[in-house]
Amino acid sequence: MHKSFGLAQRIFLGFALQLLLIVGIYSVAMMQSTEFMENNLVSEMLREELEMSVQELNSHEELQLPPSMKIFSDDPRLDPIPAAFAHVPEGFTEFVNDESSFVYRLQLGQYSYILMRDQYDFERSEQIYNVVILICSTLVLTLGSLFAWWWVSRRVIKPVHDLSAQVRTIAATRTYHPLQADFADDEVGELARICDNALKRFHEALLRERLFTADISHELRTPLTIIQTSAELLHMKGANVGEAKRDELLKRILGSCQSLQDLLNIFLNLARNTSFEIQESDTVHDTLNSIVEYYRPNAKAKGLELTFEVNDNCPGFYSPVVIGALAGNLIKNAILYTSEGCVKVTETATGFEVQDTGPGIDSENKDRIFSPHTRATDQQQGSGMGLSIVKRLCDRFGWTVELMSLRSQGSCFKIVLLTGKQVERVDQGR
């Protein structure tokens, strides 16, 4: 967008007008004060000169007047007063005409004396002085304007330009980076902090939106698959399906629909960063048992043994959808990355663990394995969202997830639901 009259021009124009007003007032004041002082000095000088001339005249001495001065009087010893000066008041008077002059009239006794001085030299000096004042004022105005433009462009507008450029760059990128410039602690600095905070929230919202779409595509596959297969079985077998089998398939469809609704609720709340509203709750043991039974056919298809052990009972009631999402992603990953051996799910006093006999995760990937779209190895399929979902769900509920082992020992993920806080139902305490 073309800016015909930007902020810098407006600030500079205001400063230049203010400077012009100050210089103009100062110049006029100098000229007027100079003229006032000049008139007073000339008046005093003429009076003294006139008094001295009268004294010389009374002493019968020859008058010693400069060529630029003339004295007139009704005293018969002096030249008569010209008609132009006949009505000049007593004291100092300045005549401005073709022959400009200073006149001073003094009444001594019965005679009136007038001293006239040609003011050509004074006028010339005054004109030179006024020209000097105008030149100096112009120089001050020019240099002041140049300095003002440099100051506005370098000290006032440059931080605003830097802030605008950085905000524009960050807004155009997909990732958030803090503002780099070290802004001063002033209005621009405050604006920079506000913009930085707004950009951070903006990118966080975009990230949650992208993660939401990835989470939904990752987590909804399982219940959608159940609904699809169950519906296909009902359609294929039709009336040949027994009542018990039909009830089982319908129960699976309804359960998967409820899971879809709960998963949408969970991931919408994660995306919006709002509180969870989960009505159904269950024990960790029952949820883990059902999840293990669901994934046992997947493990058997790869020749793996999937077991569920109980070291201790984890107290409390939790959303089976949330716990199922945590355990399901960990079990699914363990089966995916394990070629032989077993996958073991263990309930503990504070949560549960999922351990496998796969290749493990090296230290290089250990620090980033919970990031979105990150896989332990490129040799396996997957979206890389499973562990990211686990980490974000744990963070959202105040739980912890930890990778316990290295490559040579397989992998073991530990979920801690009880972190020293009071045990609460997830639907009542969140």
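The structure presented is a predicted model; accordingly, all values stated were derived computationally and were not measured.

Chemist: Explain the overall build of the protein chain to me, please; I cannot follow it from the model alone.
Modeler: Scanning the protein chain for helices and strands turns up 10 helices and nine strands. Looking at the protein chain as a whole, 38% of its 430 residues are labelled buried. Summarising the internal contacts of the protein chain: among those between residues at least 6 apart in sequence, 62% fall at separations of at least 24. When the accessible surface of the protein chain is totalled, it reaches about 25900 Å², and 55% of it is carbon and sulfur.

Chemist: What's the story with helix α9 (residues 386-397) in this structure? I'm lost.
Modeler: Along its 12 residues, α9 runs 17 Å from first to last C-alpha, staying within 8% of the 16 Å computed at 1.5 Å per residue. Judged by how many residues are buried, α9 sits mostly within the fold: nine of 12 residues are covered. Among all positions of α9, only G386, L387, S388, I389, V390, R392, L393, C394 and F397 are buried. Of the residues trailing α9, G398 is marked for its positive phi of about 80°.

Chemist: Explanation requested: the sheet that holds strand β9 (residues 411-416) in the structure shown.
Modeler: Two modes of strand pairing occur in sheets, parallel and antiparallel, and in both the strands are linked by backbone hydrogen bonds. Pairing within the open sheet is mixed, and its five strands lie in the order β5-β6-β7-β9-β8. What marks the edges here is a single partner per strand, and that holds for β5 (305-310) and β8 (400-403). Strand-to-strand twist across the sheet, computed as the mean angle between neighbouring axes with direction ignored, equals 15°. In this structure, β5 lies alongside strand β6 (residues 342-347), joined through six bridges in parallel fashion. Within the sheet, the bridge partner assigned to F308 lies in β6 and is V345. Against the sheet, α9 makes contact with β8 and β9, and its axis sits at roughly 140° relative to β8, the strand it touches most.

Chemist: Mind showing me how you'd approach the packing of helix α6 (residues 284-301) against helix α7 (residues 320-337) here?
Modeler: Helices that pack against each other are described as a pair by the angle of their axes relative to one another and the distance between those axes. Remark: α6 packs on α7, axes separated minimally by 9 Å, with the N-to-C direction vectors making an angle of 30°. By the angle between their axes, α6 is roughly parallel relative to α7. In this structure, α6 meets α7 at a crossing whose hand is right-handed. When α6 is examined against α7, the residues T287, L288, I291, V292, Y295, N298 and A299 are found in contact with a partner set consisting of P320, I323, G324, A327, G328, I331, K332 and I335. Among the residues forming the contact of α6 with α7, the class breakdown is 10 nonpolar, four polar and one charged.

What counts, and where the lines are drawn
- Residues numbered from 1 in each chain as written.
- Predicted model: local features only at pLDDT ≥ 70, side-chain atom pairs only at ≥ 80, totals over all residues.
- Heavy atoms only, no water.
- Helix = DSSP H or I, 4+ residues; strand = E, 2+ residues; numbered from the N terminus.
- Buried < 20%, exposed > 50% of the residue type's maximum accessible area, 1.4 Å probe, protein only.
- Contact = heavy atoms within 4.5 Å.
- Areas by Shrake-Rupley, 256 points an atom, 1.4 Å probe, with all protein chains shown as cover.
- Expected span 1.5 Å × (residues − 1).
- Pairing = 2+ DSSP bridges.
- Axes fitted to C-alpha atoms, helices over the stretch in contact; angles between N-to-C directions.
- Parallel < 35°, antiparallel > 145°, perpendicular 65-115°, else oblique.
- Left-handed = near helix turned anticlockwise from the far one by under 90°.
- Nonpolar A, V, L, I, M, F, W, Y, C, P; charged D, E, K, R; others polar.

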